[in-house]
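Understanding the architecture of this molecule
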Amino acid sequence: LTDLRVVPNPVILRFFGDVDTKSIGLYGQGTYDLTDRLRATVGLRYSEDEKGITTFNGNSIAGSDVFVSCSGGQAPPNCAETYSDTYDDLSYTFGLDFKPTANTLVYGKFSHGYRSGGQNLRLNGTADLDFDPETVDEFEAGFKGDLADNRVRFNVSAFTNKVKDAQRSIIVVVGSGNATVVQNAAEMTNTGLELEATVIPAEGWTLQGSAAVIDTSYDEYVDAGQDVSDRRIIGVPESEFALAATYERPLSFAKFMARIDYAWRDSYYNNELAPSAPASTPALQEAITAPASDVLNARLGLSFENGWDVSLWGRNILDDRSKLTGLYLGNFGYVSGRFREPATYGVTASYRFGAE
């Protein structure tokens, strides 16, 4: 027997639209010598962004562009709804730098930056359709120097910044489903220290090192009327460092090069889920956290005068398979993630055209 019943096409919820953006910027920067050792720098930038969107959101028959009902305040058959906004800001930087000696520099600067606002495609007909610009005010100070007869280069900088009206992606209920939208949800403060050094201890040798520490947290974070300022900051390890050693030596038939580098970073969070969130459990917090991990790489190579380069290399020699990402899909109750690639070894040969 053959079932000849016809099943009507289902009604599906659709979101799409046309976006029109125009941006202009006027900027300039200048440096003035106050004395032989002291300089002042001033930079200004005016930005204006015109953003418009025409949304087509609603319920339509599957396989058809004709809507049977609209999500916003418009009417079928196309549910078109148009919005536009203009955002502008004056960004600036002021700085002073002083040279105690010919090879050292001490500096300080204050900067104000801006990220344009915009509109959300899936929120037509609601008060939360658009979001405001995000701004950041930052102060940075540091030291740069070439020391020990230019055999040591040392740089250090410290910074603190304040982010206002931070734009964050949150999940809201739209119609019969959920949508990820952008809103001005938070204010946050970041404070950090960065160090880097290069040392040439002997002919052919170069040693390099860098380190960074940062403290970052939400000062305010309101989502759906709730205080969620204990949410995690995504993708920011509290500390990390890297070390590298390179040796180069000319031979009678080629140039020999050897390099080994090691990097370590602290754990960091891949999702903002707070420990106090209703769905939070120790197992879930572990699943969305990238653990502290390290990676060791090495390379040996020969560079020939006839243009050929040959190298033997190894990546992630310690075979650290730590988790790098962990996306929590709350509606489905699982976490998807990506892990670091395993230890890899290989040989590479390349030719430089134009070599003599």
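Residues numbered from 1 in each chain as written. Predicted model: local features only at pLDDT ≥ 70, side-chain atom pairs only at ≥ 80, totals over all residues. Heavy atoms only, no water.

Glancing now at the side chain of Asp-294. Counting through the fold element by element, Asp-294 comes out in strand S17 (residues 293-304). For Asp-294, which is buried and forms no salt bridge, the nearest opposite charge comes from Arg-340, at a distance of 6.1 Å. A polar atom in the side chain of Asp-294 sits 2.7 Å from the side chain of Tyr-262. If near-sequence neighbours (up to four positions away) are discounted, Asp-294 is found in contact with Tyr-262, Ala-263, Trp-264, Asn-316, Leu-318, Asp-320 and Arg-340. (Helix = DSSP H or I, 4+ residues; strand = E, 2+ residues; numbered from the N terminus. Buried < 20%, exposed > 50% of the residue type's maximum accessible area, 1.4 Å probe, protein only. Lys, Arg positive; Asp, Glu negative; His and termini not counted. Salt bridge = Lys/Arg side-chain N within 4 Å of Asp/Glu carboxyl O. Polar contact = N/O pair within 3.5 Å; in protein donor to acceptor, adjacent residues only side chain to side chain. Contact = heavy atoms within 4.5 Å.)

Moving on to the side chain of Asn-161. Tracing the chain through its elements places Asn-161 in strand S9 (residues 152-174). Look at Asn-161 and you get buried, because its relative accessible area is 10%. In terms of polar contacts, Asn-161 uses its side chain to reach the side chain of Glu-138, at 3.1 Å. A distance of 2.8 Å separates the side chain of Asn-161 from the side chain of Asn-190, its partner in a polar contact. Once residues lying within four places of it in the same chain are set aside, the contact partners of Asn-161 are Val-136, Asp-137, Glu-138, Met-188, Thr-189 and Asn-190.

Counting residues in each nonpolar core, the largest one holds 11 residues, listed as Val-163, Ala-166, Ile-170, Val-181, Ala-185, Ala-186, Met-188, Tyr-218, Tyr-221, Val-228 and Ile-233. Breaking this core down by element, the ones donating at least two residues are S9, strand S10 (177-199) and strand S11 (205-223). Examining the composition of this core, we find that 4 residues originate from one element, S10, more than from any other. Excluding anything up to four places from it in sequence, Tyr-218 contacts Arg-168, Ala-186, Glu-187, Met-188, Ser-229, Arg-231, Arg-232, Ile-233 and Glu-272. (Core = buried A, V, L, I, M, F, W, Y, C linked by side-chain atoms within 4.5 Å.)

As enumerated under the stated definition, the model contains 1 disulfide in all. The side chain of Cys-70 participates in a disulfide bridge whose partner is Cys-79; the two sulfur atoms lie 1.9 Å from each other. Between Cys-70 and Cys-79, the S-S dihedral sits near -85°, and the bridge is therefore left-handed. The exposure classification of Cys-70 matches that of Cys-79, with both residues buried. (Disulfide = S-S within 2.5 Å.)

Here we take up the packing of aromatic side chains. The tally for this structure, following the rule as stated, stands at 12 aromatic pairs. Here the aromatic rings of Trp-205 and Tyr-247 are separated by 4.9 Å at their centres, their planes lie at 40°, and the arrangement is tilted. With Trp-205 in strand S11 and Tyr-247 in strand S13 (residues 239-250), the pair connects residues that are 42 residues apart, well separated along the chain. Taking relative accessible area as the criterion, Trp-205 reaches 37% and is therefore assigned partly exposed. Members of the aromatic cluster, joined through ring pairs, are Phe-16, Phe-56 and Phe-67. Across from the ring centre of Tyr-221, 5.0 Å away, lies the NZ or CZ of Arg-231, which sits over that ring. (Phe/Tyr/Trp six-rings, centres within 6.5 Å; stacked < 30°, edge-to-face > 60°. Lys NZ or Arg CZ within 6 Å of the ring centre and 35° of its normal.)

Turning next to the confidence of the model for the chain. For the chain, per-residue confidence averages 88 on the pLDDT scale, and 92% of positions sit at 70 or higher. With pLDDT under 50 throughout, residues 1-7 is counted as low confidence; its partners more than four residues away or in other chains account for 0 contacts. (pLDDT = per-residue confidence, 0-100.)

So, on to the environment of Glu-50. With respect to the element layout, Glu-50 can be found in strand S2 (residues 38-61). Judged by relative accessible area, which is 38%, Glu-50 ranks as partly exposed. Distance in space between the C-alpha atoms of Glu-50 and Asp-88 is 8.8 Å, their sequence separation being 38 residues. Beyond its immediate sequence surroundings of up to four residues, Glu-50 is in contact with Asp-20, Thr-21, Lys-22, Asp-85 and Thr-86.

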